[in-house]
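Chains, contacts and geometry: an overview
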Amino acid sequence: MKAEKRVWRSAPFRDEAQRVGDALFAFGQATRTQLRTLAHLTAEDAEAGITQLREHGLLTIVEGQRSPVTGVAEPDLVLLTREAGLVVGAEIGRTHITVVIATAGHEEFAKATVSLSEDAENQPVKVLQQTADLIEEILGKNGARLDMVIGIGLGIPAPVTLEGRFGSTTFLNRWIRELEHTAGEELSRRLGGVCTYLDNDGSLGALGEYMVGAGQGSEVLLYVKAATGIGAGIVIGGKLYRGVTGTAAELGHVSVNNRGDRCTCGNRGCLELYAGGKALLEEAKRTSPDIASVADLVNRAKEGNSFCRRSISEAGEHLGAGLGSVVNILNPDRIVVGGALSEADQLLLDPIQGELRISAMPAAVDRLSVVSTQLGGWASAWGGVARVWRSEELASASTIG
């Protein structure tokens, strides 16, 4: 794969311009004062870098608005322009592909999602080609070109190592057997070699919510993706925590019953078998065969169907029990719940919170807020975008601190 092609890193840009560009790319809009700190530059050098990038159309300044109450103007904001490049985030779920495209200046450019006719696990080559085609289609419809893309962040529902490889052979087994290269490399090859980062969808969901969603400002964030399976991600101090190998936060495969059924991961009684959407649907179809998806289950629960309401409530209780141990160890200040099941809102959140009060330390629960996603089904794709924005920082962020 090619390295990221950041135009401000090439001639004729001086060092201070490159550092200004890198800081804005990683952190988005900033005041001049913030930018000096982020880029580690003096006021004079930062201004020189701003001027050079602005002269080449890569940077713009948004003038601060004057308050109608105090008459004091807010500081100007500095950000990269669309001409500085675009960033793509893509998520391949079991039943869908979701793509978000943003500018180097952290502004949304375009997005789209499509449903899959068959489980993505069973069609690796086809679904990666569909993802590449969707990215090119979105770019073309919005007057952009592939050569404007700086990098791509790709999320998949499987553990992924720091090297971008599958962390277990029990997940997406056909992908391992049928793909010649890693999923990230395969997508990159279909898109002219654009630098592509592969990561777990739960980890990217956490990063997406932290950067532009319900996790903003959190010091220790835990994101839970309650969908077909159960995924999670952790952001500590603004950095994605991935553990020593990259496979941290596999919440769905924490055993809550060591005598339970065997899970696809090889363990017994995994949380996913009790709270995952696939398990809930299998149970629901025994009495309501026409329930075809997690969305159907949630909608019927909202309409008052007692079985569906009870099913989601019990899933919340299982999630809360599983999260109790995580809260005791991690002591987060916020849990963001996303995924298709999160559309049930308080039907899911209330039992999670109730069980946490039983299973976790009172002091930890007192400082903890449990909230619904702001990004909904776009969280992991936005996380893919953020994965590229924060690519250099993440490269050295595999441990806490």
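About the cut-offs
- Residues numbered from 1 in each chain as written.
- Predicted model: local features only at pLDDT ≥ 70, side-chain atom pairs only at ≥ 80, totals over all residues.
- Heavy atoms only, no water.
- Helix = DSSP H or I, 4+ residues; strand = E, 2+ residues; numbered from the N terminus.
- Rg over C-alpha atoms; globule rule 2.2 N^0.38 Å.
- Contact = heavy atoms within 4.5 Å.
- Areas by Shrake-Rupley, 256 points an atom, 1.4 Å probe, with all protein chains shown as cover.
- Lys, Arg positive; Asp, Glu negative; His and termini not counted.
- Charge placed at Lys NZ, Arg CZ, Asp CG, Glu CD.
- Expected span 1.5 Å × (residues − 1).
- Polar contact = N/O pair within 3.5 Å; in protein donor to acceptor, adjacent residues only side chain to side chain.
- Salt bridge = Lys/Arg side-chain N within 4 Å of Asp/Glu carboxyl O.
- Buried < 20%, exposed > 50% of the residue type's maximum accessible area, 1.4 Å probe, protein only.
- Pairing = 2+ DSSP bridges.
- Axes fitted to C-alpha atoms, helices over the stretch in contact; angles between N-to-C directions.
- Core = buried A, V, L, I, M, F, W, Y, C linked by side-chain atoms within 4.5 Å.

Regarding its fold elements, the protein chain presents 15 helices and 12 strands. Whereas a compact globule of 401 residues would reach a radius of gyration of roughly 21 Å, the protein chain reaches 22 Å, a difference of no more than 12%. The dimensions of the protein chain, computed from C-alpha atoms along their principal axes, are 65 × 55 × 40 Å. Taking the contacts inside the protein chain whose residues are at least 6 apart along the sequence as the reference set, 64% of them involve residues at least 24 apart. Approximately 17,600 Å² of the protein chain is accessible, and the part contributed by carbon and sulfur atoms is 48%. Separation of charge centres in the protein chain, based on 39 positive and 49 negative side chains, amounts to 2 Å.

Another aspect to go through is helix α11 (residues 306–330). With 25 residues, α11 ought to run about 36 Å at 1.5 Å a step, and its terminal C-alpha atoms sit 35 Å apart, in line with that. Where α11 starts, the residue carrying a side-chain oxygen 3.0 Å from the main-chain nitrogen of F307 turns out to be N305. N331 occupies a position one or two residues after α11 and carries a positive phi of about 55°.

This next bit is on the pattern of salt bridges. For the coordinates displayed, the defined rule picks out 21 salt bridges. Here D22 makes a salt bridge to R9, at a shortest N to O gap of 3.0 Å. With D22 in helix α1 (residues 15–27) and R9 in the segment before α1, the pair connects residues that are 13 residues apart, well separated along the chain. Taking relative accessible area as the criterion, R9 reaches 32% and is therefore assigned partly exposed. Through salt bridges with shared partners, a single ionic network connects E4, R6, R9 and D22.

Where burial is concerned, most of strand β8 (residues 220–226) is hidden: seven out of the seven residues are buried. Bridging between β8 and strand β9 (residues 230–236) involves seven bridges; their strand directions are antiparallel. Residue pairing for β9: L222 is matched across the bridge by I234. Hairpin connection of β8 to β9: three residues between the antiparallel strands. With five bridges joining them, β8 and strand β11 (residues 334–338) adopt parallel strand pairing. Paired with V224 across the bridge in β11 is V337.

Here the focus is the side chain of S380. Of note, S380 is situated in helix α14 (residues 379–389). We classify S380 as buried; its relative accessible area is 3%. Reaching out from S380, the side chain makes a polar contact with the backbone oxygen of D201 at a distance of 2.8 Å. Those residues within four positions of S380 in sequence are excluded, and the remaining contacts are E91, D201, L204, G205 and K225.

Mapped onto the fold, A158 is located in the loop between β6 (149–156) and α5 (173–178). What makes A158 buried here is its relative accessible area of 2%. Residues A158 and A340, spaced 182 residues apart in sequence, show a C-alpha to C-alpha distance of 17 Å. The contacts of A158, once residues within four sequence positions are left out, are F166, F171, L172, N200 and E250.

Moving on, we get to the sheet that holds strand β7 (residues 196–200). Whether parallel or antiparallel, the strands of a sheet pair through hydrogen bonds between backbone atoms. Pairing is mixed across the open sheet formed by five strands, whose spatial order is β5-β4-β3-β6-β7. Either end of the sheet is taken by a strand with one partner, and the two such strands are β5 (108–115) and β7. Sheet twist, expressed as the average angle between the axes of neighbouring strands with direction ignored, equals 15°. With seven bridges connecting them, strand β4 (residues 96–103) and β5 associate as antiparallel partners. Bridging from a neighbouring strand, V100 pairs with K111 of β5. Against the sheet, helix α7 (residues 201–212) engages β3 (86–92), β6 and β7, with an angle of about 100° to β7. Together, β3, β4, β5, β6 and β7 form the strand contacts of α14, whose direction differs from that of β3 by roughly 135°.

What follows deals with the nonpolar core. One finds F25 and W389 to be the most contacted residues of the largest nonpolar core, which totals 45 residues. In terms of residue count, the dominant contributor to this core is α14 (seven residues). Residues within four places of W389 in sequence aside, it is in contact with F25, A26, V87, A102, T103, A104, H106, M211, V212 and W382. A226, I236, L281 and L356 belong to the second largest nonpolar core, which has 41 residues in total.

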